[in-house]
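Close look at the chain arrangement
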Amino acid sequence: MSLFRLAWYNLWRNRRRTWITLVALAFSIMLVQTSHNLSTGVYSQMIESGVRAGSGHMTIYRSNYLETRDEKLGFDPQAFIHQLKSMEAVETVLPRIYLGGLAQSSRESRGIVLSGIDPALEQSINPILKRLPAASQLPDTISRKALVGDRLLEELQLKKGSKFVVTLQDRQGEMVSELLRVHAVVHSGIRHLDRSLVMIGRQRAAALAGMPDEVHELALIMKNGVKDIPADEIEALLPANQELNLYFWDEAMTNLANAIKLDYASQQFMFLIILLIVTIGVVNTLLMAVMERTREFGTILALGARASVLHQMLFLEALILGGLGLLIGTFFGSLATWYLVEKGIDLQNWIAGELEFGGVVFDPVMRAVWEPLWMLKIGIYVISLCFLASLYPAYRAGKIVPAESMRK
Amino acid sequence: MMELIQLRNVLKSYQAGVQQVDAVRGVNLQIKAGEFAALAGPSGSGKTTLLNLIGGLDQASAGQVIVEGCNLAECSSVELADFRLQRIGFIFQSFNLIPVLTARENAEFVLMLRKVPAEKRHARIDILFQQLGISGLEQRRPMELSGGQQQRVAVARAMAAEPAVVLADEPTANLDSETATDLLFLMQQLNREQGTTFLFSSHDPKVIGLADRVVNLKDGRIVE
Ligand SMILES: Nc1ncnc2c1ncn2[C@@H]1O[C@H](COP(=O)(O)OP(=O)(O)OP(=O)(O)O)[C@@H](O)[C@H]1O
Ligand SMILES: [Mg+2]
């Protein structure tokens, strides 16, 4: 006979109460594990589609372009772009130009952002372009064909095939104009983009702005996503004399990064509350068990046990409770995670329209990812919480006065 | 022969609300090793209080309680726990077996607390169960035993660690009179065969009558 067995028997004395506590424990653990795994999956989906529609896993800008968006801060990437592309970790490098300007149709005019891109590179990466059929993609970097945001199209009262004029200031400060033709309509789901986006070939845009061969942004798409980015190696390839800076995705896309951080923080707060409530449940269970067993504990003390024996017994009861809850909870948490990894949840059944978060439109099928280390961490938390939960009941048990407990 | 238990002018008073209750009022008592002695007296005369003082479950308000030369007033609570574990065997009125443990596990409990190896525990309990006539009941839970059987398991638990003295507060109060005398005979037998000192309390004249020596209590004092 050991203390462990005694603790084990004791737990099953009040089966119903133990089961209720166990179910609460297991359910909370399942909930916390599953929702963490799901949000981690969704966040990485968001980050992936965010960086692919936006400025990449890493971005190169000149000087303080990120803050000022000063169009004069272009740079010529010829000298190093091939080296970047041939790096093991790099999937592709997307050169881009962004120019503020005015679009005019025969009836209306609107402020726009004219993006110059390399269609051959972008169409396999950028989720906005990926959705378009092959015939709607831009043919090359020099043509006058333009992709126009759907809202902008509406506001300018244009149609597919219509002509419109874009006017902007070139590098010398001269006003320049270009006649473009609507080649296809794009829809990003992000309101301000859809009402300001005009996409054309990069060389046409560069020529218009009088900055041939220059770009404003180099977006690096990595093969392994945000994991293991060799930032130092990339940095080393950048020429020292061009004031070029390298940014991680969360520095370049602070809206998305902050939205995720905030969301995760509020979730962690929820986790904390859930685990706290469960801990109180464990305290309650153990305390009731102590109160019911006053006489028995009194006997054990009378027989010559030190208070520490009762302390150990209650720690064991708490650990068994926590361990069992963890096992059951992790089993169901893994089952739920497995389902969410394999099948996911299709939000289109619930929510009509686009799913936008932090300025990024994401996949309506939410998928979880496995985070075994985090699940282990939660396990350690739960066990520690159960240990903490046993402290007060153990203290009370040790304070029982044998002579008094037996008089009752 | 040296006194096993010595009480000198022992006083014990309780505070019950604003009222002070003097449960034991100046008791002088000596018990020698090997005695089979009874505490007799009406309800409220202080029997339980006195046994608790001797067993180190309670501290005297004044006077000295000396067991095996050890003044219990000078002991810390941990020392008292160790003293009980090593030197005292307890038998309680309502048996106080641990309900989730089997008869054997209950009887072994004190030995387990003393960290006696399993084999030795086993052997010792086998002998005691035989002497007490409860062999074969080892695997039963207290709920599955009669009162008399439960109390015999409790006697085995008290005797298992070969204590200097077994203190039994009304061990027969919850037993019918036949079972009660049977139990007393068994205790007497253990006293004769193993020389263990017994001090027990009772209301029952038949039980008292089996003691070698009777200490009469009344209102917290010894009366002749
Ligand atoms: N913890 C306590 N608080 C207050 N009074 C107490 C306490 N313990 C005992 N007493 C009082 O001390 C006196 C002696 O009690 P004790 O239990 O020792 O008597 P007893 O001889 O064992 O009686 P019984 O035969 O009914 O068991 C009684 O008047 C009792 O009310
Ligand atoms: Mg009494």
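Residues numbered from 1 in each chain as written. Chains lettered and ligands numbered in written order. Predicted model: local features only at pLDDT ≥ 70, side-chain atom pairs only at ≥ 80, totals over all residues. Heavy atoms only, no water.

Observations regarding the pattern of salt bridges
Which entries qualify depends on this criterion: Each reported salt bridge corresponds to a side-chain nitrogen of Lys or Arg within 4 Å of a carboxyl oxygen of Asp or Glu. Helix numbering and strand numbering both begin at the N terminus, where a helix is a DSSP run of H or I of at least 4 residues and a strand a DSSP run of E of at least 2. Each residue is assigned to one of three classes by its accessible area relative to the maximum for its type, calculated with a 1.4 Å probe on protein chains only: buried under 20%, partly exposed between the two thresholds, exposed over 50%.
Applying the stated criterion to the full structure yields 26 salt bridges over all chains. Note that E3(B) and K32(B) form a salt bridge whose closest N and O atoms lie 3.9 Å from each other. Placement of the pair is E3(B) in strand β1 (residues 3-16) and K32(B) in strand β2 (residues 19-32), with a sequence separation of 29 residues. Using a relative accessible area of 35% as the deciding quantity, one classes K32(B) as partly exposed. Between E108(B) and R121(B) there is a salt bridge; the shortest N-O distance is 3.2 Å. With E108(B) in helix α3 (residues 103-113) and R121(B) in helix α4 (residues 118-131), this residue pair connects regions lying 13 residues apart in the sequence. The pair formed by E108(B) and R121(B) is uniform in burial state, with each residue classed as buried. Linked through salt bridges whose partners overlap, the residues forming this network are E108(A), R110(A), E155(A) and R195(A).

Topic: the domain arrangement of chain A
Condition: By convention here, the domain bounds are inherited from an automatic or database domain assignment.
Partitioning chain A into domains gives domain 1 (3-50 + 257-406) and domain 2 (57-249). Computed from C-alpha atoms alone, the centre-to-centre distance between domain 1 of chain A and domain 2 of chain A is 49 Å.

Remarks on the packing of helix α2 (residues 15-53) of chain A against helix α12 (residues 254-292) of chain A
Let me state the cut-off plainly: As a rule, the C-alpha atoms of each element are fitted with a line to give its axis, helices using only the stretch in contact, and angles between N-to-C directions run from 0 to 180 degrees. Angular relationships are summarised with four words: roughly parallel below 35 degrees, roughly antiparallel beyond 145, roughly perpendicular across 65 to 115, and oblique for the angles in between.
In the contact formed by α2(A) and α12(A), the axes pass within 10 Å of each other and the chain directions differ by 170°. As the angle between them shows, α2(A) and α12(A) are arranged roughly antiparallel.

A word on the interface of chain B and chain A
Stated formally: Residue contacts are defined here by distance: any two heavy atoms, one from each residue, within 4.5 Å place the two residues in contact. Each of two parts loses accessible area, computed with a 1.4 Å probe, when they are put together; buried area is these two losses added. Nitrogen and oxygen atoms within 3.5 Å of one another constitute a polar contact, given that in protein one can donate a hydrogen and the other can accept it, and given that sequence-neighbouring residues count only through two side-chain atoms. Residue classes follow a fixed rule: Ala, Val, Leu, Ile, Met, Phe, Trp, Tyr, Cys and Pro count as nonpolar, while Asp, Glu, Lys and Arg count as charged, and any other residue, Gly among them, counts as polar.
Counting residues at the interface gives 27 residues for chain B, matched by 23 residues for chain A. Summed over both partners, the interface of chain B with chain A buries about 2200 Å², with 64% contributed by carbon and sulfur atoms. Between R306(A) and D82(B) there is a salt bridge whose closest N-O contact spans 2.4 Å. At the junction of chain B with chain A, the criterion picks out seven residue pairs in polar contact (both at pLDDT 80 or more). Broken down by secondary-structure element, the contributors of at least two residues to the side of chain B that touches chain A are α1 (47-54), α2 (77-87) and α3 of chain B. Per-class residue counts for the side of chain B that touches chain A are 15 nonpolar, five polar and seven charged.

Some points on the environment of L102(A)
Residue and element names in this part refer to chain A. Mapped onto the secondary structure, L102 falls in strand β2 (residues 90-104). With a relative accessible area of 34%, L102 lands in the partly exposed category. Note: C-alpha distance between L102 and I400 (298 residues apart in sequence) is 84 Å. Those residues in contact with L102 that lie beyond four places of it in its chain are S109, R110, G111, I112, V165, V166 and T167.

Notes on the site of ligand 1
This is how the line gets drawn: Only a single heavy atom is needed: when it lies within 4 Å of a molecule or strand, its residue is near that molecule or strand. Computed with a 1.4 Å probe, the accessible areas rest on the Shrake-Rupley method; for each residue, only the protein chains presented here act as cover.
With respect to spatial proximity, 14 residues lie near ligand 1, and among them S43(B), G44(B), K47(B), T48(B) and T49(B) are the closest. Nearby residues place ligand 1 at the junction of chains A and B. Within the side chain of S43(B), an N or O atom sits 2.5 Å from an oxygen atom of ligand 1. At a separation of 2.5 Å, an oxygen atom of ligand 1 approaches a polar side-chain atom of T49(B). Alone, ligand 1 offers 640 Å² of accessible surface; in the complex the protein occludes 73% of this. Taken together, the elements giving at least two residues each to the shell around ligand 1 come down to β2 and α1 of chain B. With three residues, the single largest contributor to the shell around ligand 1 is α1(B). Along the lines of polarity and charge, the residues of the shell around ligand 1 split into four nonpolar, seven polar and three charged.

Observations concerning the sheet that holds strand β6 (residues 88-91) of chain B
Residue and element names in this part refer to chain B. Put simply, the rule reads: Strand pairing requires that DSSP identify at least two bridges connecting the strands.
Pairing is mixed across the open sheet formed by six strands, whose spatial order is β6-β7-β8-β3-β9-β10. Every other strand in the sheet has two partners, leaving β6 and β10 (221-223) as the edge strands with one partner each. Across the sheet, the axes of successive neighbouring strands diverge by a mean angle of 25°, strand direction being ignored. The pairing of β6 with strand β7 (residues 165-169) spans four bridges and is classified as parallel. What sits directly across from F90, in β7, is L167.

Section: the sheet that holds β1(B)
Paired through their backbone hydrogen bonds, the strands of a sheet run either parallel or antiparallel. Residue and element names in this part refer to chain B. Read across the sheet, four strands follow the order β2-β1-β4-β5 without closing on themselves; strand pairing throughout is antiparallel. Either end of the sheet is taken by a strand with one partner, and the two such strands are β2 and β5 (70-71). Pairing geometry for β1 and strand β4 (residues 62-67), over five bridges, is antiparallel. If you follow Q6 over to β4, its bridge partner there is I66.

Things to note about the side chain of H36(A)
Residues and elements named next belong to chain A. Note on placement: H36 falls in helix α2. Owing to a relative accessible area of 3%, H36 belongs among the buried residues under this scheme. With sequence-adjacent residues up to four places away left out, H36 is seen in contact with Y264, F271, E371 and W374.

Examining the nonpolar core
Heads up, the rule is: To form a nonpolar core, buried Ala, Val, Leu, Ile, Met, Phe, Trp, Tyr and Cys residues must be joined to one another through side-chain atoms within 4.5 Å.
Ranked by size, the top nonpolar core spans 141 residues in total, and within it F297(A), L7(B), F109(B), M187(B) and F200(B) carry the most contacts. The element that contributes the greatest number of residues to this core is α12(A), accounting for eleven residues. Lining this core are residues from two domains, each supplying at least three of them: domain 1 (3-50 + 257-406) and domain 2 (57-249) of chain A. Ignoring sequence-local partners within four residues, the contact set of F200(B) consists of F36(B), A37(B), A38(B), L39(B), A168(B), P171(B), L184(B), M187(B), V207(B) and A211(B). Listed in part, the 24 residues of the second largest apolar core include I112(A), V176(A), I200(A) and A205(A).

Structural notes on the packing of helix α14 (residues 307-342) of chain A against helix α15 (residues 372-398) of chain A
Residue and element names in this part refer to chain A. Convention followed: Each crossing gets its handedness from the near helix: less than a right angle anticlockwise from the far helix is left-handed, clockwise is right-handed.
Between α14 and α15, the least distance of the axes is 8 Å, while the angle of their chain directions is 150°. In terms of axis orientation, α14 runs roughly antiparallel to α15. Judged by the twist between their axes, the crossing of α14 over α15 is right-handed. Grouping the amino acids of the contact of α14 with α15 by side-chain chemistry returns 17 nonpolar, eight polar and no charged.

Considerations on the pairing of strand β8 (residues 197-202) of chain B
All names here are of chain B. Within β8, six of the six residues are buried, which leaves the element mostly enclosed by the surrounding structure. Of the two faces of β8, both are covered, the one formed by T197, L199 and S201 as well as the one formed by F198, F200 and S202. Relative to β8, strand β3 (residues 36-40) is paired through five bridges, and the arrangement is parallel. Counterpart to A40 in the pairing with β8 is S202. Alignment of β7 against β8, held across five bridges, turns out to be parallel.

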